[in-house]
Amino acid sequence: MKFGKRLQQHVQQTLPGWEDKYLCYKGLKKALNLLPISEADFLSLLDNEIDKFNAFFMEKEEDFIIRHQELQRRIRMVAYQEQMSGIRKDVIDFHGEMVLLINYSNINYTGLAKILKKYDKRTGAMLRLPFIQKVIEQPFYMTDLVSKLVKECELTIDAVFPLANKVEGHVSCSGIRSGGDGIFGNTVAALLTMQEMRRGSSTYSHFSLPPLNLEDCVVIEDMKIIDSSSSSSSSSVPIAS
């Protein structure tokens with residue numbers, strides 16, 4: 001799938017209020033079609049995009065830090081497992097939003113690298129390398145803190161809200177998806193998109209994001225359990241005609 005189509009598909013599936021925060025890839029391609037566009041004008045367009053990414057990313061990052069602390073406080077205060085179910089949805093939705101923000105960073109970085117490649121190819125310029133070196137120092141690219149919160153959230157999900165309870169050799173799904181079908185589905189889609197974009201290949205270069213390994217990802221593993229359980233159930237239950 002071409003990047004422009006993938007980006008458009010992702011934007012259509014993202015959370016309300018996020019749609020206009022992504023790279024205006026289509027608009028930048030149109031600007032390239034209006035060549036000759038001066039290097040200064042093109043760089044100004046890219047800088048405006050980066051300012052947009054940074055403002056949105058830092059706002060969400062600050063919000064995530066506060067929400068993480070609040071969720072941990074709520075979990076510590078809960079006395080009974082029955083009361084935990086009321087927090088589960090918030091934890092799973094929170095995890096999903098953070099994964100979507102990391103994907104937001106990845107897909108915008110990838111889009112910038114691709115549009116710069118197009119510009120260099122059409123003009124014979126050498127903008128991509130120096131500009132990407134500038135990009136990797138931007139707040140929206142630095143996802144270490146959010147990734148740390150994602151991992152801590154996954155550990156919480158695994159420890160406090162275990163999806164699968166093995167009873168007499170059978171897997172019983174408590175239904176992590178009940179925490180929010182929309183965000184959960186978007187989270188899985190975002191993770192798979194990140195894996196596809198970051199998969200090592202013969203075309204891998206220093207402009208590419210490093211490969212992503214989802215083997216130990218709690219959400220992907222839980223999805224496999226759900227799908228496996230659903231398949232087993234449907235194969236054993238007759239379908240009404």
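Each value, and the rule that gives it
- Along each chain, residue indices are assigned from 1 in the same order as the chain's sequence is written.
- Only residues with pLDDT of at least 70 get local features here, since the model is predicted, and only at 80 or more are side-chain atom pairs given and counted; chain-wide, interface and lining totals rely on the full set of residues.
- Note that water and hydrogens are dropped before the side-chain values are worked out from all heavy atoms of the structure.
- Where helices and strands are cited, they refer to DSSP runs of H or I of at least four residues and of E of at least two residues respectively, numbered from the N terminus.
- For every residue, the accessible area obtained with a 1.4 Å probe (protein chains only) is divided by the maximum for its type, and the residue is called buried under 20%, exposed over 50%, and partly exposed between those limits.
- Contacts between residues were defined by any pair of non-hydrogen atoms, one from each residue, lying within 4.5 Å.
- Any Phe, Tyr or Trp ring, taking Trp's six-membered ring, that has another such ring centre within 6.5 Å forms a pair; planes under 30 degrees apart are called stacked, those over 60 apart edge-to-face, and the others tilted.
- In protein, a polar contact means a hydrogen-donor-capable atom and an acceptor-capable atom, both N or O and within 3.5 Å, with residues adjacent in sequence counting only if both atoms are side-chain atoms; elsewhere, any N or O pair within 3.5 Å suffices.
- Between the N-to-C directions of two axes lies an angle of 0 to 180 degrees, each axis being a line fitted to C-alpha atoms and, for a helix, fitted only over the stretch in contact.
- Should an angle lie under 35 degrees it is considered roughly parallel, over 145 roughly antiparallel, and from 65 to 115 roughly perpendicular; all remaining angles are considered oblique.
- Each crossing gets its handedness from the near helix: less than a right angle anticlockwise from the far helix is left-handed, clockwise is right-handed.
- Residue classes follow a fixed rule: Ala, Val, Leu, Ile, Met, Phe, Trp, Tyr, Cys and Pro count as nonpolar, while Asp, Glu, Lys and Arg count as charged, and any other residue, Gly among them, counts as polar.
- pLDDT runs from 0 to 100 and stands for how confident the predictor is about each residue.
- Distance thresholds for patches are 9 Å for like charges and 5 Å for nonpolar side chains (Val, Leu, Ile, Met, Phe, Trp, Tyr), applied to residues having over 30% relative accessible area and no salt bridge.
- Surface accessibility follows the Shrake-Rupley procedure with a 1.4 Å probe radius. Residue values consider only the protein chains on display as shielding.
- A carboxyl oxygen of Asp or Glu within 4 Å of a side-chain nitrogen of Lys or Arg is what we treat as a salt bridge.
- Positive charges come from Lys and Arg alone, negative charges from Asp and Glu alone, with His and the N- and C-terminal ends not counted.
- For this purpose, a charge sits on NZ of Lys, CZ of Arg, CG of Asp or CD of Glu.

Novice: Give me the overall build of the chain: which residues, what numbers.
Specialist: The number of helices and strands found in the chain is eight helices and two strands. Counting from the amino terminus, the chain carries its helices and strands in the arrangement α-α-α-α-α-α-β-β-α-α. Looking at the 241 residues of the chain, the share that counts as buried comes to 42%. Contacts in the chain between residues far apart in sequence, at least 24 positions, make up 75% of those at least 6 positions apart.

Novice: Describe the packing of aromatic side chains, with residues and values.
Specialist: Scanning the entire structure with this criterion turns up ten aromatic pairs. Each ring, one from tryptophan 18 and one from tyrosine 104, has its centre 6.3 Å from the other, and the planes form 80°; the classification is edge-to-face. Placement of the pair is tryptophan 18 in the loop between helix H1 (3-13) and helix H2 (25-33) and tyrosine 104 in helix H4 (residues 81-123), with a sequence separation of 86 residues. The burial state of tryptophan 18 is the same as that of tyrosine 104; both residues are buried. With centroids separated by 4.2 Å and ring planes inclined at 10°, the aromatic side chains of phenylalanine 42 and tyrosine 119 adopt a geometry described as stacked. Of this pair, phenylalanine 42 sits in helix H3 (residues 39-77) while tyrosine 119 sits in helix H4; the two residues are 77 residues apart in sequence, bridging distant segments of the chain. What links up through ring pairs into an aromatic cluster is the set Trp18, Tyr22, Phe53, Phe56, Tyr104 and Phe140.

Novice: An account of the environment of aspartate 93 is requested, with residue identities and associated values reported.
Specialist: Inspection of the secondary structure puts aspartate 93 in helix H4. One polar contact links aspartate 93 to lysine 89, side chain to side chain, over a distance of 2.7 Å.

Novice: Give a detailed account of the packing of H3 against helix H6 (residues 144-160), specifying residues and quantitative values.
Specialist: Interhelical geometry of H3 versus H6 gives an angle of 25° and a closest axis separation of 11 Å. In terms of their interaxial angle, H3 and H6 are classed as roughly parallel. Seen from above, H3 lies across H6 with left-handed handedness. Of H6, the residues touching H3 (which contributes Phe57, Glu61, Phe64, Ile65, His68, Gln72 and Ile75) are Leu145, Val146, Leu149, Glu152 and Thr156. Its residues placed into classes, the contact of H3 with H6 shows seven nonpolar, three polar and two charged.

Novice: Explain the confidence of the model for the chain residue by residue, including any values.
Specialist: Averaged over all residues, the pLDDT of the chain is 76; the fraction at 70 or higher stands at 65%. This model gives residues 164-181 a pLDDT under 50, and the stretch forms 32 contacts once residues within four places in sequence are excluded. Taken as a whole, residues 223-241 scores under 50 in pLDDT and shows 13 contacts with residues more than four places along the chain or in a different chain.

Novice: Summarise a positive patch on the surface; cite the residues concerned and give the values.
Specialist: A cluster of like positive charges, contributed by Lys2, Lys5, Lys29, Lys114, Lys117, Lys118, Lys121 and Arg122, occupies part of the molecular surface. The element best represented in the positive patch is H4, accounting for five residues. Topologically, lysine 118 is positioned in helix H4.

Novice: Can you tell me about the side chain of glutamate 49, naming the residues and giving the values?
Specialist: Inspection of the secondary structure assignment puts glutamate 49 in helix H3. Classification of glutamate 49 as buried rests on a relative accessible area of 11%. Of the polar contacts made by the side chain of glutamate 49, one reaches the backbone nitrogen of cysteine 24; its length is 2.8 Å. Among residues more than four places away in sequence, those in contact with glutamate 49 are Tyr22, Leu23, Cys24 and Leu28.

Novice: Explain the pattern of salt bridges to me, using residue names and the numbers behind them.
Specialist: Scanning the model with the defined rule gives nine salt bridges in all. For aspartate 90, the salt bridge identified is with arginine 74, shortest N-O distance 2.9 Å. Taken together, the residues span a long stretch of sequence, with aspartate 90 in helix H4 and arginine 74 in helix H3 at a distance of 16 residues. Taking the shortest distance from any N to any O, the salt bridge between glutamate 154 and lysine 151 comes out at 3.9 Å. Remark: lysine 151 and glutamate 154 occur in helix H6; sequence separation between them is three residues, near one turn of the helix. What makes glutamate 154 buried here is its relative accessible area of 7%. Judged by relative accessible area, which is 37%, lysine 151 ranks as partly exposed. Shared partners join several salt bridges into a network, and the residues in it are Asp63, Arg67 and Glu97.

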